[in-house]
Amino acid sequence: MAADAAERGQLKREISVEDIDSVHLYGRNDVNLRMIQDSFDASVTARGGEITIVGEDGEVGQVETILSELANLVRRGRSVRREDVEYAIRMVQSDRAEELSRFYAGGARLHGLKKPVEPKTVGQKKYVEAMQSYDIVVSIGPAGTGKTYLAVAMAVAALRLKEVERIVLVRPAVEAGESLGYLPGDYHEKIAPYLRPLYDALRDMMDPQKVKRLTEIGTIEVIPLAYMRGRTLNDAFVILDEAQNSTMPQMKMFLTRLGFNSRAVITGDITQIDLASDDLSGLVRIQEILADVGGIAFAYLNENDVVRHRLVREIVKAFERYAELREKRAQEAD
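Keep in mind that what you see is a predicted model, and the values were worked out from it rather than measured. (Residues numbered from 1 in each chain as written. Predicted model: local features only at pLDDT ≥ 70, side-chain atom pairs only at ≥ 80, totals over all residues. Heavy atoms only, no water.)

### Observations regarding the overall build of the chain
Thought 1: Broken down by element type, the chain carries 13 helices and nine strands.
Thought 2: Within the chain, the fraction of its 334 residues that count as buried is 45%.
Thought 3: Look at the contacts in the chain between residues 6 or more apart in sequence, and 69% of them connect residues 24 or more apart. (Helix = DSSP H or I, 4+ residues; strand = E, 2+ residues; numbered from the N terminus. Buried < 20%, exposed > 50% of the residue type's maximum accessible area, 1.4 Å probe, protein only. Contact = heavy atoms within 4.5 Å.)

Printed below as a string of C-alpha cells:
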C-alpha cells in the first residue's frame, strides 16, 4: 500500500494508539473516524490500535494532528464525543492547530460539581481562566456558547470550596414581544419563566433537593435585577444573566452592589436586545466605559464556541451575515 501511495504522489502515515482503548477514540462503529474521513479527501483506516492515513501531504498532516489531539483527550480520561471531533476539524481547517493543541494540553476542568464541567472550546477556556483570575468578568457572545452554564458552574464550585458564602443569580425581567400582564399568576409567578434557565443550570450542577434547601435558607438566590437595588453583597458570587436587556442605570446599580470578597460575572448577547433601542443597553455601553478599568476582564465568544446542535452555529453565522449585509446596504444608501 505504501508503494501504491507513493506512485500516486501521496503520503502515507501511521499513528499508533495502542496505549489507549481505541473505542473511546474511534467512537461506536468508528463514527468519529468516519466524520474525519468525510471532512477530508485523505483516507483514514484503522485496524486495532493502528490508524493509517493516505493522501496529499497537507491533508495527511491535518488529519494526523486531529487524531493525535483527540487521542490525548482519551489519555486524559475522556471519551471523544461528536462535538469534540467537529471542533477539532474546524480548528485545524482554519489554521488554528497550535491553539487547539494548547487548549487540549492545558485543560480547565471544574470540580466539586454533580458532574465535572470543563470548557469545550478555546474561547470557553479563556472565559473560565478570566473568571478564575478577575473579580469582575463580562462575557459577550451568541446563544449556545456556554456563557451562563460556565458562570453557574464556577459559582457552584466557589461555593463548594468555601471561597464564597452564597450565590446570587440575577436576570432582568424584560418583556420580549408579549406583555407580562397577559401571563397568569401574581408577580412572582409572572417572572418565574425569566429565571427558569438559571434554575435549570443550577440543577445540572447540584442535586435538585440541595438546590431547593440552599434556596430556602438564602445561600442561593435567583432574583430579578430590580430586586438588587439598595443591597450590598459580601462574600458572594453574583451573576447577571441576559445583561443585554439591562439599561445603563440598572447596570451601574448592579456593579455597585459588590461588597467585600465578592465576584461578579455579567453575561449577554448584544445581538438579542429586547429594549426599545440598542443604545439603551448597559451591556453595550460598558464595553467602552469599563475598557480601561483594571481588575475587569472582557471575554468574547463567537460561533466557533457554540456547543449546541451544529445547526445553531450555522444559524448564528447566517444572522451575522444578514446583519453585515443590512449595515452595508444602509451605508451605501447614505
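### Looking at the pairing of strand β8 (residues 263–268)
Thought 1: Burial within β8 is extensive, with six of its six residues counted as buried.
Thought 2: Every second residue of β8 is oriented toward a common face, with Arg263, Val265 and Thr267 on one face and Ala264, Ile266 and Gly268 on the other, all of them buried.
Thought 3: Bridge count between strand β7 (residues 236–240) and β8: four bridges; the pairing is parallel. Residue pairing for β8: Leu240 is matched across the bridge by Ile266.
Thought 4: For the crossover from β7 across helix α11 (residues 248–255) to β8, the handedness is right-handed. (Pairing = 2+ DSSP bridges. Right-handed = clockwise from strand over helix to strand, strands pointing away.)

### Some points on the nonpolar core
Thought 1: In terms of nonpolar packing, the biggest core is built from 38 residues, with Tyr127, Met131 and Leu202 touching the most fellow members.
Thought 2: Ranked by the residues each element gives to this core, the list is headed by helix α8 (residues 147–160), at ten residues.
Thought 3: Judged by nonpolar contacts, the second largest core, of 32 residues, contains Val60, Tyr87, Ile89 and Phe103. (Core = buried A, V, L, I, M, F, W, Y, C linked by side-chain atoms within 4.5 Å.)

### Some details on the packing of helix α3 (residues 31–39) against helix α5 (residues 82–93)
If you want to describe how two helices pack, look at the angle between their axes and the distance between the axes.
Thought 1: Where α3 contacts α5, the axes come no closer than 10 Å and their chain directions differ by 25°. Comparing their axes, α5 and α3 come out roughly parallel. The interaxial crossing formed by α3 with α5 has right-handed handedness. Contacts from Asn32, Met35, Ile36 and Ser39 of α3 reach α5 at Arg82, Val85, Glu86, Ile89 and Gln93.
Thought 2: Taken together, the residues of the contact of α3 with α5 sort by class into four nonpolar, three polar and two charged. (Axes fitted to C-alpha atoms, helices over the stretch in contact; angles between N-to-C directions. Parallel < 35°, antiparallel > 145°, perpendicular 65-115°, else oblique. Left-handed = near helix turned anticlockwise from the far one by under 90°. Nonpolar A, V, L, I, M, F, W, Y, C, P; charged D, E, K, R; others polar.)

### Some remarks on a nonpolar patch on the surface
Thought 1: Taken together, Leu311, Ile315 and Phe319 make up a surface patch of nonpolar side chains, about 320 Å² in accessible area.
Thought 2: Mapped onto the fold, Leu311 is located in helix α13 (residues 310–333).
Thought 3: What makes Leu311 partly exposed here is its relative accessible area of 41%. (Patch = residues over 30% accessible without salt bridge, like charges linked within 9 Å, V, L, I, M, F, W, Y side chains within 5 Å. Areas by Shrake-Rupley, 256 points an atom, 1.4 Å probe, with all protein chains shown as cover. Salt bridge = Lys/Arg side-chain N within 4 Å of Asp/Glu carboxyl O.)

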